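In case you want the letters, here they are:
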Amino acid sequence: NHRDHENIRVLECAVGATDGAFVTMNVAGVLTTANESVLEEYRSLDWASAFVTGKQVVAPLRTLDGILESDGVAEGFDVLVVDVEGYETEVVAGLSLEQWRPRMVIMELVDTHPDLHATAPADARLGQDFLTAGYVICFKDSINTVFVRDDVWAAAHSGRGGSVSSG
């Protein structure tokens with residue numbers, strides 16, 4: 001869909017903790033995942049099972065650090081979106097958050113989802129890691145969490161008479 005957009009670069013790889021390795025992706029349409037536990041969970045859920053195909057694709061892994069560096073992305077860039085069906089911890093493991101410090105991070109964390117439990121403990125820890133790294137949660141529902149860097153949050157809310165809390 002985006003190959004002809006001049007400001008979008010399509011990379012045929014997976015993003016994870018290490019460069020040079022490979023990962024098996026379990027094809028399931030919008031629910032395609034490299035996480036076997038999540039795949040098993042999808043197979044057991046009425047609303048998700050129809051997406052699971054049984055097909056697999058092997059993809060080379062690259063770290064987010066490597067991709068950002070090779071593309072010349074500036075530190076403190078605006079938005080990072082991570083929605084990788086249970087592989088979020090692995091993606092973030094390849095990101096030096098203290099270096100890149102995106103202003104906003106939108107991440108699929110299912111720690112409070114009523115149906116998805118395979119990654120809930122890891123997702124809760126990942127969310128806490130962002131709070132510890134100087135982010136605040138400005139929105140959270142059962143599947144998406146929006147983090148904003150605390151200095152950006154404070155600047156946006158200065159002079160409004162409210163207090164800022166990170167947890």
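As shown above, the structure is provided for reference.
Residues numbered from 1 in each chain as written. Predicted model: local features only at pLDDT ≥ 70, side-chain atom pairs only at ≥ 80, totals over all residues. Heavy atoms only, no water.

*Asks:* Give a description of the overall build of the chain that names residues and reports values.
*Replies:* A tally of helices and strands in the chain yields 7 helices and 7 strands. Taken from N to C terminus, the helices and strands of the chain fall in the order β-β-α-α-β-α-β-α-α-β-α-β-β-α. Here the C-alpha radius of gyration of the chain, 17 Å, is about what a compact globule of 167 residues would show, namely 15 Å. The C-alpha extent of the chain, read off along each of the three principal axes, is 55 × 40 × 30 Å. For the chain, the proportion of its 167 residues judged to be buried stands at 37%. Contacts spanning at least 24 positions in sequence make up 70% of the contacts within the chain whose residues lie at least 6 apart. In the chain, 11 positive and 26 negative side-chain charges are present, and the distance between their average locations comes to 3 Å. (Helix = DSSP H or I, 4+ residues; strand = E, 2+ residues; numbered from the N terminus. Rg over C-alpha atoms; globule rule 2.2 N^0.38 Å. Buried < 20%, exposed > 50% of the residue type's maximum accessible area, 1.4 Å probe, protein only. Contact = heavy atoms within 4.5 Å. Lys, Arg positive; Asp, Glu negative; His and termini not counted. Charge placed at Lys NZ, Arg CZ, Asp CG, Glu CD.)

*Asks:* Let's hear about the sheet that holds strand 4 (residues 79–82): which residues, and what values?
*Replies:* Within a sheet, neighbouring strands are paired by backbone hydrogen bonds and run either parallel or antiparallel to one another. The strand order across the open sheet built from 4 strands is 4-5-7-6, with neighbouring strands paired in mixed fashion. Lying at the two open borders of the sheet, with one neighbouring strand each, are strand 4 and strand 6 (135–140). Averaged over all neighbouring strand pairs, the angle between strand axes comes to 20 degrees, with direction disregarded. As paired strands, strand 6 and strand 7 (residues 144–149) are joined by 5 bridges and run antiparallel to one another. Pairing of valine 136 across the sheet is with valine 148, part of strand 7. (Pairing = 2+ DSSP bridges. Axes fitted to C-alpha atoms, helices over the stretch in contact; angles between N-to-C directions.)

*Asks:* Please provide a residue-by-residue account of helix 6 (residues 120–132), values included.
*Replies:* The terminal C-alpha atoms of helix 6 lie 18 Å apart, and with 13 residues this matches the ideal 18 Å at 1.5 Å per residue to within 8%. Within the span of helix 6, buried status applies to Ala120, Asp123, Leu126, Gly127, Phe130 and Leu131. Looking down the long axis of helix 6, one finds its buried residues gathered within 145 degrees of arc, a one-sided arrangement. Across from the buried face of helix 6, at angles greater than 90 degrees, the exposed residues are Arg125 and Thr132. Summarising the contacts, the buried residues of helix 6 are in contact with helix 4 (88–93), helix 5 (97–100), strand 5 (104–108), strand 6 and strand 7. Following helix 6 by one or two positions, glycine 134 adopts a phi angle in the positive range, close to 100 degrees. (Expected span 1.5 Å × (residues − 1). Arc of directions from axis to C-beta.)

*Asks:* How would you summarise the sheet that holds strand 2 (residues 22–26) if you had to cite specific residues and measurements?
*Replies:* Across the sheet, 3 strands lie side by side as 1-3-2; this open sheet has mixed pairing. Lying at the two open borders of the sheet, with one neighbouring strand each, are strand 1 (14–15) and strand 2. Across 5 bridges, the pairing between strand 2 and strand 3 (residues 56–62) is antiparallel. For valine 23, the partnering residue across the bridge sits in strand 3 and is alanine 59.

*Asks:* Please give an account of helix 1 (residues 36–44) that cites residues and values.
*Replies:* Those residues of helix 1 that fall on the buried side of the exposure criterion are Val38, Leu39, Glu41 and Tyr42. Each buried residue of helix 1 sits inside an arc of 160 degrees when the element is viewed along its axis, so together they form one side. Structurally, helix 1 contributes buried residues whose contacts are with strand 2 and helix 2 (46–49). Two or three places before serine 37, at the opening of helix 1, asparagine 35 has a side-chain oxygen 2.9 Å from that residue's backbone nitrogen. (Polar contact = N/O pair within 3.5 Å; in protein donor to acceptor, adjacent residues only side chain to side chain.)

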